[in-house]
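Read off the chains here:
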Amino acid sequence: MMNEEEVRRFIAGRRVFNFDPETRAFAAEVEYRADGACALRFATGEAEAGVYGFEGDAYWTRYDAFRGGARHAFRLEPLGPGLAQAWFTTGARAFLQCHMPELPEPVTRS
């Protein structure tokens, strides 16, 4: 898993593209602003505001309605430059995250 510094570098001030880890379909794009606000845009075009922050080697998000408006924390497993598998801190698999709007080929675990 990424350490605290790597997680901050991957997320803070970045635009991150999220993909379903099974189908590799584009799911959403998140802009993580430097002020702790974030903007979520789903593949459907719907948008929503939120906030994010960091706790050690994890980051958390809370959106207005997505995931019931609840706060969720994630750890990142590096898969390559600008590419990571996100995991809920509960251990459940979350989205593949990429700094590019398309996933590279192939996506493998490191």
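Residues numbered from 1 in each chain as written. Predicted model: local features only at pLDDT ≥ 70, side-chain atom pairs only at ≥ 80, totals over all residues. Heavy atoms only, no water.

K.L.:
Even after reading the chapter, I still don't get the overall build of the protein, so can you show me in this structure?
P.N.:
Within the protein, the secondary structure is distributed over 1 helix and 8 strands. The N-to-C order of helical and strand elements in the protein reads α-β-β-β-β-β-β-β-β. In summary, the protein has a C-alpha radius of gyration of 13 Å against a globular reference of 13 Å for 110 residues, a match within 12%. Summarising its shape, the C-alpha atoms of the protein cover approximately 35 × 35 × 25 Å along the three principal directions. Residues classed as buried in the protein amount to 40% of the 110 residues present. The contacts in the protein between residues at least 6 apart in sequence include a share of 36% that link residues at least 24 apart. (Helix = DSSP H or I, 4+ residues; strand = E, 2+ residues; numbered from the N terminus. Rg over C-alpha atoms; globule rule 2.2 N^0.38 Å. Buried < 20%, exposed > 50% of the residue type's maximum accessible area, 1.4 Å probe, protein only. Contact = heavy atoms within 4.5 Å.)

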